[in-house]
Amino acid sequence: MLIYKEASIRGAWIQWFICTLLSLLHGVISETNTTLDIMTKYPLIDGHNDLALRLRMHFKNKLSNFSIHDNSNFATDIRRLAAGHVGGQVFAAYVLCTAQDKDAVRLTLEQIDVIRRMCTENPEMELVTTAEGMRNSTKIACLISIEGGHSIDSSLPALRMFYQLGVRSMALTHNCNTPWAESSASLYPNYQRKNNSLTDFGKAVVNEMNRLGMLVDLSHSSWETARSVLKHSTAPVLFSHSSAYAICNNVRNIPDDLLLLLKENGGLIMVNFYSSFVACSHNANVSIVADHFDHIKRVIGAESIGIGADYDGAQGFPKGLEDVSKYPALIEELISRNWTEEELAGVLRLNFLRVFRKVEKLLLKRPLQKAPLPYVSNLSDLIKQTDQRECFYYIRPAYSHVFGTVLMPHTQK
């Protein structure tokens, strides 16, 4: 009798265990199915990817030497983009800060060229330049950004020509100051100054980007520069690959007061996955990344959030988010935290498309403005002292050790 009772208890415990396990598995399978359903309906638009940088570093931009369909040496290839349900990718044209005042414009043109070739020579990809093009694409839609204002060499004409080549976003700085905007990093001694985080010429750059319908990207900018731009810009701006400072106190991340200004501006923060920016260490997982989404949602709402993972721009991503195929793991985690389909649809693509459309509405609606030169403060005095029939060659700081910083007149013939 005792043996029978023990057997009954053991059988009941096993039955309970099996039922509990099946229930948990059903929940996991249900969340996985929901994730795939949502991501199929709303393919992800990611705000920042540095594959072009890897192509330059490892293959000298020779696409014939690189298999974009399947390359395990990088975090990005077409096979894994498809597995990650990526429907749109912003590819960064980035050149090192050491090129500033030297050959940054040429190098940026080469990076734009490799992105254009990559996105037009592969049938699974499509180069787009508008929000409508990105929304309607049935392929992996490619949008070109420039990562760092040093790429325009303090030239609004260069900025306009980059726009003509398909560039639709530019970060005002990377890890170095420009003559007109301040970086969050202090790795380079370039253009150090105090209490002037966005100069008059910097405001002219923002004005021109607003006029063109070009996204102003504040990732990598100092908080003071970001604050100045958020107050000055007439169009929504974005942080294309930044996370929440309240969760990880890295200066590349965004504090709550700036998030609130971003909300007023109508802009977007696209959360970076890099371990050092989400966990302030190399030990990160999907959960800590989701914590950034939860925090930003509490502060400014899910409608102000996107994803800008920064794959191939850094080394060391969270466990479970190692490459572009892993986005579903994050969405599944957010579903487990009671994020709704509407909120996730926004995070995946609709928020970015909304902001992009708003920026486009200013396209060519504002007249060209006369911009101040970035280096010369007494230009008007110099012109008053010179025959008005003369035009000027401006000697840039790269050559100032030979010529000094001067305006050199050339009389018209």
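This one's a predicted model, so the numbers in the text were calculated from it and none came from an experiment.

Enquirer: Can you lay out the state of the cysteines for me, pointing to particular residues and giving the numbers?
Expert: Under the counting rule described, the total for this entry stands at 3 disulfides. Bridging Cys-97 to Cys-176, the disulfide has an S-S length of 2.2 Å. In this structure the cystine formed by Cys-97 and Cys-176 twists about its S-S bond by roughly -85 degrees; its chirality is therefore left-handed. With Cys-97 in the loop between β2 (86–93) and α4 (104–121) and Cys-176 in the loop between β5 (167–171) and α7 (200–212), the pair connects residues that are 79 residues apart, well separated along the chain. Side by side, Cys-97 and Cys-176 carry an identical accessibility label, which is buried. The disulfide bridge from Cys-119 ends at Cys-142, spanning 2.4 Å between sulfur atoms. Taking the torsion about the S-S bond as the criterion, the Cys-119 to Cys-142 disulfide, at about -95 degrees, is left-handed. Taken as a pair, Cys-119 in helix α4 and Cys-142 in strand β4 (residues 140–147) lie far apart in primary sequence, 23 residues in all.

Enquirer: Can you lay out empty space enclosed by the protein for me, pointing to particular residues and giving the numbers?
Expert: Here the structure, examined in full by the defined rule, presents 3 cavities of 30 Å³ or more. Approximately 40 Å³ is the volume attributed to the second largest cavity. Considering the residues around the second largest cavity, the lining is formed by Ser-184, Leu-218, Ser-219, His-220, Ser-221, Trp-223, Phe-239, Ser-242, Val-251, Arg-252, Asn-253 and Ile-254. Residue composition of the lining of the second largest cavity, grouped by class: 5 nonpolar, 6 polar and 1 charged.

Enquirer: So what's going on with the layout of surface pockets? Which residues, and what values?
Expert: Empty space within the largest pocket amounts to approximately 310 Å³. Along the wall of the largest pocket there are 20 residues; nearest its centre are His-174, Asn-175, His-220, Arg-252 and Phe-277. Residue composition of the lining of the largest pocket, grouped by class: 8 nonpolar, 8 polar and 4 charged.

Rules behind the numbers
- Residues numbered from 1 in each chain as written.
- Predicted model: local features only at pLDDT ≥ 70, side-chain atom pairs only at ≥ 80, totals over all residues.
- Heavy atoms only, no water.
- Disulfide = S-S within 2.5 Å.
- Helix = DSSP H or I, 4+ residues; strand = E, 2+ residues; numbered from the N terminus.
- Buried < 20%, exposed > 50% of the residue type's maximum accessible area, 1.4 Å probe, protein only.
- 1 Å grid on protein atoms, 1.4 Å probe; cavity = no way out; pocket = protein on both sides within 12 Å on 5 of 7 lines; lining within 4 Å.
- Points joined across faces, edges and corners; volume = space filled by probe spheres on them.
- Nonpolar A, V, L, I, M, F, W, Y, C, P; charged D, E, K, R; others polar.

Any link to function would need more than the numbers given here.
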